[in-house]
Amino acid sequence: MDIASCNILAGWIAMLSGALSGAILGLFFHRENWAGGYDSFRRRMMRLGHISFFGIGFLNLLFGLTLTVVSLPTMNSRVASAGFLVAVVAMPACCFLAAWRKPLRHLFPIPVIAVLAGIVPVLLGWPYG
């Protein structure tokens, strides 16, 4: 599978994961004190995990589609692809892990660095002019 197709597929899998995680969380949202209440750290982290599937999924979709219209250097494409693929797994995982055990919030630099590893090579390899 080529890089563009891999990231596009990952993006769609992330969309499905976002919908499924939202459906699961939605089963309990009506309970006012569920997961510590609406404003609790735990509940906020679970909501962020759910929405991060969509956000990072969109980044993967956009990156994959970008490769179909912009010719980036091969190394830039590979590094960016790896960054976005790590991020689409790591960001929701970090959110849900932090909801489970608050000290695991210190893992957030991993998905943030992964997102940057996706964006920066795209911009550096962009064929300006």
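For the structure, see preceding data.
Residues numbered from 1 in each chain as written. Predicted model: local features only at pLDDT ≥ 70, side-chain atom pairs only at ≥ 80, totals over all residues. Heavy atoms only, no water.

## Topic: the overall build of the chain
So, point 1. Assigned secondary structure in the chain consists of four helices and zero strands.
So, point 2. Listed N to C, the secondary structure of the chain is α-α-α-α in terms of helices and strands.
So, point 3. Over its C-alpha atoms, taken along the principal directions, the chain stretches across nearly 55 × 25 × 25 Å.
So, point 4. Buried residues in the chain amount to 41% of all 129 residues.
So, point 5. Taking the intrachain contacts of the chain between residues at least 6 apart in sequence as the baseline, contacts between residues at least 24 apart amount to 74%. (Helix = DSSP H or I, 4+ residues; strand = E, 2+ residues; numbered from the N terminus. Buried < 20%, exposed > 50% of the residue type's maximum accessible area, 1.4 Å probe, protein only. Contact = heavy atoms within 4.5 Å.)

## Details of the packing of helix α3 (residues 74-100) against helix α4 (residues 109-125)
So, point 1. It is the contact of α3 with α4, at a shortest axis distance of 7 Å, that shows an interaxial angle of 155°. Between α3 and α4, the crossing angle belongs to the class labelled roughly antiparallel. The handedness of the crossing between α3 and α4 comes out as left-handed. Contact residues: α3 offers N76, V79, A80, G83, F84, V86, A87, A90, M91 and C94, while α4 offers I110, P111, V112, A114, V115, A117, G118, I119, P121, V122, L124 and G125.
So, point 2. In the contact of α3 with α4, the residues fall into 18 nonpolar, four polar and no charged. (Axes fitted to C-alpha atoms, helices over the stretch in contact; angles between N-to-C directions. Parallel < 35°, antiparallel > 145°, perpendicular 65-115°, else oblique. Left-handed = near helix turned anticlockwise from the far one by under 90°. Nonpolar A, V, L, I, M, F, W, Y, C, P; charged D, E, K, R; others polar.)

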